[in-house]
Each structure stands twice: as C-alpha cells, then as structure tokens.
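Tertiary structure, described
What follows is each chain in one-letter form.
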Amino acid sequence: MTEDCDGEEKDEETRRWSPGQGGSSSRGGGSGTSSSSPLKNRCVRGRVDQPPPFSGQVLENVLENVLQFLACRRDRNAASLVCRSWYRAEARTRLELFIGNCYAVSPARALGRFRCARALVLKGRPRFADFNLVPVGWGARFSPWVAAMAAAYPWLERVCLKRMTVSDADLALLARSFSSFRDLTLICCDGFGTPGLAAVAELCRNLRVLDLIENDVEDEDEEVVDWISRFPETDTCLESLSFECVNCPVNFVALEALVARSPCLRRLRVNQHVSVGQLRCLMVRAPQLTHLGTGSFETVPVADGAAELDVAELESSFVASKSLVCLSGFRMVAPEYLPAIYPVCAGLVSLNLSYAMTTAEQLKPVILRCHNLQTFWVLDTVGDEGLRAAAKTCKHLRELRVFPFEATEDSESAVSDAGLVAISEGCQKLRSILYFCQRMTNAAVVTMSKNCQDLVVFRLCIMGRHRPDHITGEPMDEGFGAIVMNCKKLTRLAVSGLLTDKVFEYIAKYGKLVRTLSVAFAGNSDLSLRYVLEGCHKLQKLEIRDSPFGDAGLLSGIHHYYNMRFLWMNSCKLSLRGCKEVAQRLPRLVVEVFGDQNKELDSDAVEKLYLYRSLVGPRDDVPSFVKIL
Amino acid sequence: MTLTANTDRLLFSATPHSSVEFPARLREMEDVKGSDGLGDTELRLGLPGTSTATRSAKRALPEGDEESHDELRRTSAAKAQVVGWPPIRSYRKNSFPARKAEAEAEAEAEAAAGLYVKVSMDGAPYLRKIDLSVYKGYKELRESLNHMFQCFSLGELSRREGGSGSEYAITYEDKDGDLMLVGDVPWEMFISSCKRLRIMKGYEARGLESRKH
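From a predicted model like this one, the values you see are computed outputs, not experimental measurements.

Thoughts on the layout of surface pockets
Of the pockets and cavities examined, the second largest pocket occupies roughly 860 Å³. Taken together, 32 residues line the second largest pocket, and the ones lying closest to its centre are Asp-190, Asn-215 and Asp-216 of chain A together with Ser-90 and Tyr-91 of chain B. Class assignment of the residues belonging to the lining of the second largest pocket gives a composition of twelve nonpolar, ten polar and ten charged.

This is the structure we're talking about:
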C-alpha cells in the first residue's frame, strides 16, 4: 500500500486507486523486483525483494546519501515507490513533511513512517472556510499533531500551518518541546492569542522566523499579554517577524529594543497600531531590512510638544534602507506620506497596497517608479487608470491581485474589462492574477488569454452573481474557454459571471493541467460536473458552491476521487442517497455531510459535502453537526 | 452576431491581437441544452428564474414586464443574504469598516451642506454636477468648468470684460431663484448661495450685466 501523505502528483500507473481494490497499488513487493544480483537465487524463502545482506546495506547507505539531495516532494514520492529499499531510504531522508489535508493521515502514521523529519507543513480546513461556509468547530486542530511530535521529533525545527485551530496550550507545548525550533508560520489559523505568542517568544531560544499571516488572533481585553517583551534580553537570531494580524497594540519600546538587538532581522511586518513616526524609529534601527510591513503609515495624535513627522525625514529613512525589496502594510495610509517611498520603488520586487485606499492619482507617481515589480497587490480604488499606469511600467510583473474596496454584489467598482486588457498588454509575463470587478467582457478575457500565455493561475471574480458580458449580454463561457485553450500552463482556475455548461466543456477539453478549480453560481446541469470530472485528469481540488449539480454529476467522478485531495460542494442539488452511494463504492474516501451548525440533518437534501481520501478512515473528532457516511 | 464582433473589434483595436476571434462555438451556444432537454437550460439573459427571452446588447429586462420586475425585486432581496460572497476573507473585510464608515460620514456631511450643484450648458446634451467646496476660488472654478465642457467645443469661458472672443458666460441661480453672473460676490458668499450653475451664450448674459449697472 502506498502511503503518500500529500497525494499531490501521482504516477498514473502505479498509484491510481481503483474502486473496490481497497486502495492497494502495485509496488515492488512480491512480484519480482528484478535484482540483477547473481546471488538472487539464494533467497530461499521467496522474498525476492530482499537483496543479500552486505551489498544491500551498502546500497541503502549510498541511496540515502543520494536521496538527501532530492528536495521536491513529488520526486520523493516517485522515488519511494521504486522498491522497499528505496521506500525505506526515502523515508529516512525526508526532512520536510507536507500534509495537504490533515485528515488524510494520522499523526501516528505520518510520524511513524518519516522518523527524521525536521519540518512540518500542515493544512486543515477547506478553503471555503475563509468565507464562513464551514461552521465553527468543524475541526482541524493542531493539538494531536503537536502532542505526537513532542514525543517523536525532539529535533523539530519548522512548522507551517494553514487553516488550523491552534490553541495557546498548543503553542506553549511547541515552545517547550523542541530545543532547536526555529521557524513558526501560521496562516489563516485561529484559536490562539497573545499568551501563546508570549510562550513562543520566551521559550524558543533559537527562533528565527515568527510569521503570523491573516490569523484570527482573539484576545479578551483583560487577557492581552505583552508578548514582545518576552523575547530574550540578549541578541536574538530573529530573521523575520510578522504580526500584522495581531489586533492589539504592542509595547513599542520593547519592540524597538527587540529590533535593535536582532542583527539578523531582514523581514519586519508590524501591525496597524504602529504609527509612521514609530516606523521610522524601527527603520533607523534596522536599515538592513529587505521586507517591510509598514503598519498604519499614518500619524497618530501626539502629545503636546512632540513634532509631527516630516515627510522628508521619513523619506530619508527609506533612502537609508537600501535593501528593501518588498513593501506592504499601508493600513491607514495618509496620502501625503506615500511619496516617502519613492527612493525604494526602483528596487521593489513586491508591493502590497491592498489595504490602502489609494486613488489613481496617488498611485501613479509610485507605480511609475517601480520598474522591477514582480508582485503587485492593490485595491480597486485605483481604477482602470491606475492599472494602466502599472501596465505601462511594470514589464516584469508576474503576479497581480486587485481586491475590491467594497466587497458587495452591487458596489461600484472602478476596475473593469478595460483594466484587464491594459494589464494584459503591458504585462505579458504575467503568471498569476486575481481580479475582482463588477463589469467584464469575453473579449477582454480572450485578449488576456492571448497576451499572457504564461498564466498559471487565473482567478476572475465578477462580483455580481450570474452577470453576463456587460457589452454583449452573453455568458462568460467564451472568455474562460479562451483562457484554458490558450494558456497551456494553467493549473489553477476560478470562474464567475453567467456561465453555462459550455464553459465546463471547454475546461474539460483544454484544461488538462488544471489542479484547482473554483466554481460559484455556474452551470446549468450535471453535465458540467461530469465534463470536469471526466476530462480534467490532473484535478486535485474542486470547490463548488451554489450550482445546479446533483447526484448524477457527483457519481460521475467515482473513478477520480481517489486521485484528488478533496471535493467540496455546498448549496448544490445533492441528496443523501447520492452521497451515500459514493461512500459505499469508495471505502477509502471520507464523505462528510453537514448543514449549518444548528440545523438538523433531517431532510434528504445535502447542504454541504466535503469528501477526501484518507488512509485512516473517519476522523474521531467529528462535531455533532457533521455526519460521516 | 456580426454586429457584436465588429463592435468588439472597434473597442479593442488597440490590442496586439486586434481581431478578436471568438471560437466558432459562439454561434452554437443557442443549441446547448441540458441533459433533460428542457427549456430551463436554455441560454438567456437575466437572472435565473426570470422570464425574459429577449436578446439585446443591454442587460435590461423588458420594461413593461411587471412579473419579471417582481421577481427581480425578490431576487434582489435574496441577494443581500448570500453568505461568503463575494469571496473575500473576513480579515480583509474587517480591515476597512472604520475607514469606510468615516468616508460615508464625510460624504453625508458634504451632501447635507449642499455644495453639490448642477451645471448645465446651453447646447450640451447632459448636465454635470460639481462640488463647489473643492474649489478655492473663481479661477479654479472657471478652469474646471472649461476643462469639463471643452468637449462641447467652446471658446474660453471668460469674464464679462473679456468682450472680444468671449462666447460663453457662467451664470448661477441663487437662493432666491434669481439668475446672477458668476464673479460678483466674494467666493464664500457665492458658494453658500449658489444653487445651480448655467453656462450660457455671451450675448444672453450681457443682458444681466447691463441690468446690474
């Protein structure tokens, strides 16, 4: 049986989990790994895969030394399937454990196979949890993992968690258990507060990275802890400190002192309670920074006698920060301070203005200096005009994200199809785009598909549901069709607007490399789902909401679900009967159905479905509103 | 279909790929039917559940159609309650409320102060609306109006003494409903009493001048 913890890339022949076979795939064992050793015939017990003792040991040692250099997990997965010897050698040399779905495997099993791992990347809730579609308390707790690792991995160095629930107690256990611990990255997690951070700061003496990205850091007012003060008094080895999502004010004096005694600090991203004057102090302490999150970028009312920060003074700090390549923050940006960043624009590779309500006029002088920009996140307040300015200058742009200032269906948005066309003409090296708008045309999307052939990620969100091409009135099928047809490297796609079954036919026919597909309010019938599940052979993650797909569509994917990480469907036309059939026919699949938290599962209609392959069967921490079929 | 394609060519003629080629399937779209072959899978404009069948370049529903208006109203109400759409993380949504509330309050305050006035120009097909509070004086106002209405090919808007070559004059309607020439009173007094602006031909305004003196 192959135990592949992430299940990303699979060799079609050896790893396709066929229904009804209990999931075992052919691997070297038993059927004759032809060892070309002349001593083969001495294996009298018929275990042909056991090579003679000495040569075997040497072989495995050599193998381990070679496999050490294999970093990519897909290559490692492939190597582990060659034969038992390679399987063992690979397991001993895998340093980073990537687990794309925490419920696909248990801590015991994962840690039991990979005994020497030093880093863990773990993902929990499905992505639609970010949009409040997964009820609170659904699961994905870090506790069982940290408990298991405390015993099994005393040398653990790095942990990266995404969409997991991490408690303060978990963080404290983490901090106590691993003396070499150096990197903690938490993305979109919840369940912890400043007490947990304080434990990490105090006890992880070798901490290099503490990156808190878009987490829900909840603190009752009385319980806020001054965690910044808990870092050791001596010089630290901190290289990266990001706490933009920590909503409570930090002790600035302690922060400044911490920065002053962290000579290795390269990345600092502060929260919005740090004013621009305070930011300047920090920059003076750390002119070697490469990544800076600027906090509010606004002055706060100061006590009498203290002068307001001069723009020229701020600018001089930026002049002194010669290494800056990445700027973000600008949470409350006061437009008069924006020019202070001009000195670093030419060197910027990444600029995130997506929390700043900048207009096109305010953006232009900034963006026109950013010739080397590769990543640009911005708010739609800059409008098509702002995007045109970016297209004019940023010839090396690889990733663009345009977020809506007002994220409602009926809001006015200053960006439209015109902005998309401008970007496609100016930034032909674009690889990844996320674009929120209210008005779009097929023609614009087609134009982008032709100009930006390197696109790997195309996510277009037309915010009004079922909205057609605003000039022709037609569905958006042709635009997205052109994307899958012309962008041959596309692996991730999110569709929106008025869409019929046709677009899914295109996706199935041309989107052969698509791994992640997000669908909302689209399609006419089960045909759509059938097209995709039959045609997209590389599909790993499929998330669907509010689309008219029922049991017939669901069942058409039976042949493919073992090759996917998960399927999520909510507010479609599924019934218990169909979901049960899938569960019966695919024993290695965990099929979860649930409604909203307080509703009973009495009717036959299924509101939410989340199915995923798993080596360990139904999880044992199922909340009351979830039913596993 | 042809009309659409031409329109798109016009709109996107500046692109490197100037002929926008739609796949041939564009014409086949109307043949697509659902697996049960029923009419509810037919392509049409408008929201699902509405009964319009007209195909037009605009997204509008037929105006006299009461039934679909009702449905539209109902679906609009339903729209307000969709969870998690558009797909923006609450972390991001929560980052703006303070600023947004601020901006809204500001906008309200401005609107209440009544500094937005309509500007009409004789011969122009539509009116403009401007916020007088953003200007610091008459010069800026004139420049702005000049800029705004230049597409209607005017000479320069000038003051009354610019007799030679002055084609248009700016007048305003004050609180009492009287038509006044812009520029006579101090700026502050002007913006507090101006209710709307009208750009008229010079010879009409000369009547105002002579009346004054």
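Text resumes after the structure shown.
Some thoughts on the UniProt feature "domain: Transport inhibitor response" (unreviewed entry) in chain A
Listed under "domain: Transport inhibitor response" (unreviewed entry) in the UniProt record, and renumbered for this structure, are residues 117–161 of chain A. Secondary structure across residues 117–161 of chain A comprises 22% helix and 20% strand; the distance between its end C-alpha atoms is 16 Å.

Comments concerning a nonpolar patch on the surface
A surface patch of nonpolar side chains, about 250 Å² in accessible area, is lined by Val-58, Val-62 and Val-66 of chain A. Within the secondary structure layout, Val-58 of chain A lies in helix H2 (residues 53–67).

A short note on the sheet that holds strand S1 (residues 116–121) of chain B
Picture the strands of a sheet paired through backbone hydrogen bonds; they go either parallel or antiparallel. Residue and element names in this part refer to chain B. Strand order across the open sheet formed by five strands is S2-S1-S5-S3-S4, with mixed pairing between neighbours. Every interior strand has two partners, whereas the edge strands, strand S2 (128–131) and strand S4 (179–181), have only one. Taken pair by pair, the neighbouring strands of this sheet meet at an average axis angle of 30°, ignoring direction. Taken together, the four bridges between S1 and S2 define a ladder with antiparallel strand orientation. Bridged to Val-117 within S2 is Ile-130. Contacting S1, S2, strand S3 (168–174) and strand S5 (194–201), helix H5 (residues 138–149) runs over the sheet at an angle of about 155° to S2.

Focus on the packing of aromatic side chains
Residues and elements named next belong to chain A. The tally for this structure, following the rule as stated, stands at 24 aromatic pairs over all chains. With centroids separated by 5.8 Å and ring planes inclined at 55°, the aromatic side chains of Trp-377 and Phe-403 adopt a geometry described as tilted. Separated by 26 residues along the polypeptide, Trp-377 in strand S11 (residues 375–379) and Phe-403 in strand S12 (residues 399–403) bring together distant segments of the chain. For Trp-377, a relative accessible area of 19% gives the class buried. Ring-pair connections join several aromatic residues into one group, and the members of that group are Tyr-103, Phe-128, Phe-131, Trp-138, Phe-566, Trp-568, Phe-594, Tyr-610, Tyr-612 and Phe-625. One residue, Arg-369, lies across the ring of Tyr-342, its end atom 3.8 Å from the ring centre. The ring of Trp-138 has Arg-619 lying over it, and the distance from NZ or CZ to the ring centre is 4.5 Å.

Here's the deal with the UniProt feature "domain: COI1 F-box" (unreviewed entry) in chain A
This chain's UniProt record puts "domain: COI1 F-box" (unreviewed entry) on residues 57–94 of chain A. Helix makes up 76% of residues 57–94 of chain A and strand makes up 0%, while its end C-alpha atoms are separated by 19 Å.

Looking at the confidence of the model for chain B
The predicted coordinates of low-pLDDT regions are not to be read in fine detail. All names here are of chain B. The pLDDT averaged across chain B works out to 63; a share of 42% of its residues lies at or above 70. Ranking the helices and strands of chain B by mean pLDDT puts S4 first, with 87, and helix H1 (residues 2–11) last, with 42. On the interface metric, ipTM, the complex scores 0.82, and its pTM is 0.72.

Structural notes on the pattern of salt bridges
All names here are of chain A. Under the counting rule described, the total for this entry stands at 30 salt bridges over all chains. Ionic pairing is found between Glu-90 and Arg-94, a salt bridge with its closest N-O pair at 2.8 Å. Assessed through its relative accessible area of 0%, Glu-90 is described here as buried. Judged by its relative accessible area of 4%, Arg-94 is buried.

Criteria and thresholds
- Residues numbered from 1 in each chain as written.
- Chains lettered and ligands numbered in written order.
- Predicted model: local features only at pLDDT ≥ 70, side-chain atom pairs only at ≥ 80, totals over all residues.
- Heavy atoms only, no water.
- 1 Å grid on protein atoms, 1.4 Å probe; cavity = no way out; pocket = protein on both sides within 12 Å on 5 of 7 lines; lining within 4 Å.
- Points joined across faces, edges and corners; volume = space filled by probe spheres on them.
- Nonpolar A, V, L, I, M, F, W, Y, C, P; charged D, E, K, R; others polar.
- UniProt positions renumbered as here; feature names shortened; annotations may be inferred.
- Helix = DSSP H or I, 4+ residues; strand = E, 2+ residues; numbered from the N terminus.
- Patch = residues over 30% accessible without salt bridge, like charges linked within 9 Å, V, L, I, M, F, W, Y side chains within 5 Å.
- Areas by Shrake-Rupley, 256 points an atom, 1.4 Å probe, with all protein chains shown as cover.
- Salt bridge = Lys/Arg side-chain N within 4 Å of Asp/Glu carboxyl O.
- Pairing = 2+ DSSP bridges.
- Axes fitted to C-alpha atoms, helices over the stretch in contact; angles between N-to-C directions.
- Contact = heavy atoms within 4.5 Å.
- Phe/Tyr/Trp six-rings, centres within 6.5 Å; stacked < 30°, edge-to-face > 60°.
- Buried < 20%, exposed > 50% of the residue type's maximum accessible area, 1.4 Å probe, protein only.
- Lys NZ or Arg CZ within 6 Å of the ring centre and 35° of its normal.
- pLDDT = per-residue confidence, 0-100.

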